[in-house]
Amino acid sequence: NAAQALQASEEHYRATFEQAAVGIAHTSLAGELQLVNRAFCLMTGYAREEALRLNIRDLTHPDDIRPSIEGRARIVAAGAPPYQRELRLRRKGGSYLWSDVTTSLVRAPDGTALHFVTVLSDISERKCAEEEVNRFRAAMDVTADAIFLADPKTMRLLYVNDTACRRLGYSRARLLEMPLFQLLGKTRDQLVLEHDKVIAAGERGARTETRYTRADGTRRWTELHRRALTRPDGVVIVTVARDITERKAQQEKIERLSRVHAMLSGINSAIVRLRDRDALFRESCRIAHEAGGFDLVWIGLVDQARAVAQPVAWHGDEESIQNLRHVSLALHDETQASLLAEMMRTQRPAICNDARNDQRAAGLELGTERGINSAALLPLVVSGKVRGVMVMCSPVGGHFDEAEVKLLSELAADISFALEHLEKSERAAYLGLYDELTGLANRRLFGERLGQFVRAAGETQGKLAMAVLDLERLRSVNKSLGWRAGDTLLREVARRLTQAAGAAAIARIASDIFAVVLRSARDRADTERMLATLVDRCFSEPYLIEGTELRVGAKAGLAIFPSDGLDSEALLVNAEAALRKAKSTGERHLFYTPELSERTGAWLPLETKLVRALERNEFTLHYQPKVDTVTRSVVGLEALLRWQSPEFGTVPPAKFIPLIEETGMILDVGAWALRRAALDHRRWVEQGFRGLRIAVNVSEVQLRQRDFVQAVQQAIREGIDPSGIDLEITESLVMRDVEENIRKLNEVRALGMQVAIDDFGTGYSSLGYLARLPVQALKIDRSFISAMLKDPAAMTLVQTIISLCHTLGPRVIAEGVEEEEQAKYLRLLRCDEIQGYLVSKPQPFDEITRFLSAGQVCRNAQP
């Protein structure tokens, strides 16, 4: 019957209601819970009795209450469909779970609202998964790397993060619709091949570096890390792309600067090695092209008379070189500014980093159609004037940055220095043989020519004479008419002498003294006749100097070969002795006689005075600074012994040191010098001059003593500890009894002292022993330093010694440095320290202290 059917239906509903897998709740229109099922209780954690005492508000997250109420109200008022939303359901313990909620309104047959039925599904796991995905996407969007997921079959992107969009300059929608090979600037086949390699690499993935093009057309570098990810629906290529444009730029900059450093080193070696200007230019261009990596390098010389710069050396692209042969750049362009005019005006490098668009590059024949985009014009300045230009060209736009321009400026300065030195060397070579004022041979060249004449006369058993003429009235001419008139007179006398005797037989050997070879003279009478003829031709007629007639004469000293000398030096010295006698006696001329020879008197005995010199405090130490070659900062001092005798004045060391060594006094004097140096060093340290080391010379007699080390230790005991005193020992000395000396020097090192080899290069040291010697410094002998700028062999020896020391470890000290050019070359050769009159002469303690306080490390000192 109907009642039974209704009862059965209700029981079925109750069973379905109770056993449902989702939570079901009946709530009143006000929200009170009226009926809940078992799943609802499990979801909320409340027992059925507890739940029925709650309102739906008690179970809803505060943020979700209002939307729920508004949704229910719409269903009641407007007959809206069931209300569905996701909300947070509050559990008994206070925690929340995400639930998918569907709320329906139950109405009576007449439409009256009775109650709500709410169905709840637990979606916490799905929400957690969604949150993880959202967090992942958020993280991917803020990462610094661009991330792509691509389908290798369709060649389309499946996913890109925000970073990728920003970096490429496209929207996400545009990227997802673009073919992948088009985006990467590759063909489809190239990209298929790359994807195949990535898939074959498996978990290792693949790493590549490539360039990519942004939406605006700019190109940048990226590092791609790609890996194949296998999914049920196929393979996905995951790519993490890191922008490495800045890193690439830095890497290229470092490589470029490394090439420039290599170029600098090579050209500096050429500067040291080459003595010909054109060869230096050619080698510099070659090194700049090959080591510096520049496509085209050329050097032009400035012709001020024609106001042009003409290329004289080049290296690089052959087609550009062909064009250079016809280039002649105007120094001053009236129509527009030019790089060359800018360089000439400022005497600084002129840089062009965009040759295609920079109007200043016009006329340089850079060959922009062949890819040259940057150029640097380096001025070669000699004596304050631009004498040449070195042009370097590169295909890279923006090639020359500040760091590279600084290095290239150093290069230009070094080449300029070399040019100036070569000009001075050529000038010095000329002046080494000729008199600058008259163009006649000087004393040196005259001596060589006279020697040739003497040898020729000796071979034929012939004779010759020579005359030394002292020009009279030159001093009065200088005083009355001025130096210019005096110089004019000297040039006119030289001209007449040359006409009378021939240029090969004439020389100017002093300010107002000329020498003449009388090659056909056979005896004194013949010599007097030839001299009279010479004097008549040169001095009988007056000289017209600046409108004034001057009558000038000359006194003469004569010497005849072979009776008055068998070689050129003897003849010249003896003729000068005869001239001095003639001037003192008033004779017009005199022949040499043996009685005229000047004799050097013997030096008065010093031994008795030396015995008491130490007791009377007559010895003193003078100090000469040693400075760092690059910074010119003082790094040490050498103590030099001096004797100030009341009787003899300042006695040269060469006079008394051999004597005190011979008498054995050197032991006491040497100990005094060590003790004085240690005390002076302590005083300097107390005055704040820290880091200075004082070098004291040690003689053979001292080193030979058995108690040498004990004597040194005793002498320096009043100085600071560890000691700031070093020993300098000559190379030849240390090579005597090498094994014993090595033992002693090792003991000296244990005292905190350092050891330097003095006069290195003159003692023929064995390299095997040199490697074993406990030395910290080698001092190149001053004879090599003085000759290095004139003698290529000496330069090579200096360079070899420095290279050897850098290999073995000791510092290199060049002594006897008197010229800035010597210091410049020593810096190029990487010598560590220099010492000499260029920095300072040896000075007493008080004066050298003032020197240190003033920091005067770059001033020339007169001997």
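Our subject is the structure that appears above.
Residues numbered from 1 in each chain as written. Predicted model: local features only at pLDDT ≥ 70, side-chain atom pairs only at ≥ 80, totals over all residues. Heavy atoms only, no water.

Engineer: Give a detailed account of the state of the cysteines, specifying residues and quantitative values.
Structural biologist: Here, the word disulfide means a covalent bond between the sulfur atoms of two cysteines. Applying the stated criterion to the full structure yields zero disulfides. Left unpaired, Cys-805 is separated from the closest cysteine sulfur, that of Cys-831, by 8.7 Å. Assessed through its relative accessible area of 0%, Cys-805 is described here as buried. (Disulfide = S-S within 2.5 Å. Buried < 20%, exposed > 50% of the residue type's maximum accessible area, 1.4 Å probe, protein only.)

Engineer: Help me get a handle on unusual backbone geometry, residues and values and all.
Structural biologist: Of note, the bond from Phe-561 into Pro-562 is cis; its omega dihedral lies within 30 degrees of zero at 10 degrees. Tracing the sequence through the fold places Pro-562 in the loop between β22 (554-561) and α19 (568-585). Unlike most non-glycine residues, Gln-461 shows phi in positive territory, near 55 degrees. Here Gln-461 lies in the loop between α15 (443-459) and β17 (464-471). According to the relative accessible area criterion, Gln-461 is exposed, its value standing at 76%. The backbone of Arg-632 shows a phi angle near 60 degrees, a positive value even though the residue is not glycine. (Helix = DSSP H or I, 4+ residues; strand = E, 2+ residues; numbered from the N terminus.)

Engineer: A description of the packing of α15 against α19 should follow, citing residues and the corresponding values.
Structural biologist: Across the interface, α15 lies against α19 with an axial gap of 8 Å and an inter-helix angle of 115 degrees. In this structure, α15 meets α19 at a crossing whose hand is right-handed. Contact residues: α15 offers Arg-443, Phe-446, Gly-447, Leu-450, Gly-451 and Val-454, while α19 offers Ser-568, Glu-569, Leu-571, Leu-572 and Glu-576. Each residue belonging to the contact of α15 with α19 can be placed in one class, and the counts come to five nonpolar, three polar and three charged. (Axes fitted to C-alpha atoms, helices over the stretch in contact; angles between N-to-C directions. Left-handed = near helix turned anticlockwise from the far one by under 90°. Contact = heavy atoms within 4.5 Å. Nonpolar A, V, L, I, M, F, W, Y, C, P; charged D, E, K, R; others polar.)

Engineer: Please provide a residue-by-residue account of the packing of aromatic side chains, values included.
Structural biologist: In the structure shown here, the tally under the stated rule is seven aromatic pairs. Each ring, one from Phe-619 and one from Phe-656, has its centre 5.9 Å from the other, and the planes form 45 degrees; the classification is tilted. Here the residue Phe-619 occupies a position in strand β24 (residues 619-628), and Phe-656 occupies one in helix α21 (residues 653-663), the gap between them amounting to 37 residues. By relative accessible area, Phe-619 is classed as buried at 5%. Accessibility expressed as a relative area gives 0% for Phe-656, which makes it buried. For the pair Tyr-623 and Trp-684, a centre-to-centre distance of 5.0 Å together with 80 degrees between the ring planes defines the contact as edge-to-face. Of this pair, Tyr-623 sits in strand β24 while Trp-684 sits in helix α22 (residues 666-686), and the two are 61 residues apart along the sequence. The exposure class assigned to Tyr-623 is buried, which follows from its relative accessible area of 0%. Look at Trp-684 and you get buried, because its relative accessible area is 0%. Clustering of aromatic rings is evident, with ring pairs tying together Phe-619, Trp-643 and Phe-656. Above the ring of Tyr-543, the side-chain terminus of Arg-496 is found at 3.6 Å from the ring centroid. When the ring centre of Phe-417 is taken as origin, the NZ or CZ atom of Lys-824, which lies over that ring, is 5.5 Å away. (Phe/Tyr/Trp six-rings, centres within 6.5 Å; stacked < 30°, edge-to-face > 60°. Lys NZ or Arg CZ within 6 Å of the ring centre and 35° of its normal.)

Engineer: Lay out helix α16 (residues 474-481) with the relevant residues and their values.
Structural biologist: Residues separated by three or four positions in an α-helix point in the same direction, a consequence of the helix having 3.6 residues per turn. When we look at burial in α16, the residues that qualify are Leu-474, Val-477 and Asn-478. Projected onto a plane normal to the axis of α16, the buried residues spread over an arc of 100 degrees and lie on a single side. In α16, the exposed positions that point more than 90 degrees away from the buried face belong to Arg-475, Lys-479 and Ser-480. On its buried side, α16 packs onto β17, α17 (483-501) and β21 (548-550). In the stretch just after α16, Gly-482 is the one whose phi turns positive, near 100 degrees. (Arc of directions from axis to C-beta.)

Engineer: Before we move on, could you go through the pairing of strand β18 (residues 506-510) and cite the residues and values that matter?
Structural biologist: Counting buried residues in β18 gives four out of five residues, a clear majority hidden from the surface. Across four bridges, β18 lies against strand β19 (residues 513-518) in antiparallel orientation. Looking at the pairing, Arg-508 lines up with Phe-514 of β19. The antiparallel hairpin formed by β18 and β19 contains two residues in its connecting segment. (Pairing = 2+ DSSP bridges.)

Engineer: I'd like a rundown of the pattern of salt bridges, residues and numbers included.
Structural biologist: Throughout the structure, instances matching the rule amount to 43 salt bridges. Taking the shortest distance from any N to any O, the salt bridge between Asp-162 and Arg-172 comes out at 2.6 Å. Of this pair, Asp-162 sits in helix α6 (residues 162-168) while Arg-172 is found in helix α7 (residues 172-177), placing the two residues 10 residues apart along the sequence. According to the relative accessible area criterion, Arg-172 is partly exposed, its value standing at 31%. Arg-522 serves as the salt-bridge partner of Asp-526, at 3.7 Å between the closest nitrogen and oxygen. We classify Asp-526 as buried; its relative accessible area is 6%. On the basis of relative accessibility, which here comes to 58%, the residue Arg-522 falls in the exposed class. (Salt bridge = Lys/Arg side-chain N within 4 Å of Asp/Glu carboxyl O.)

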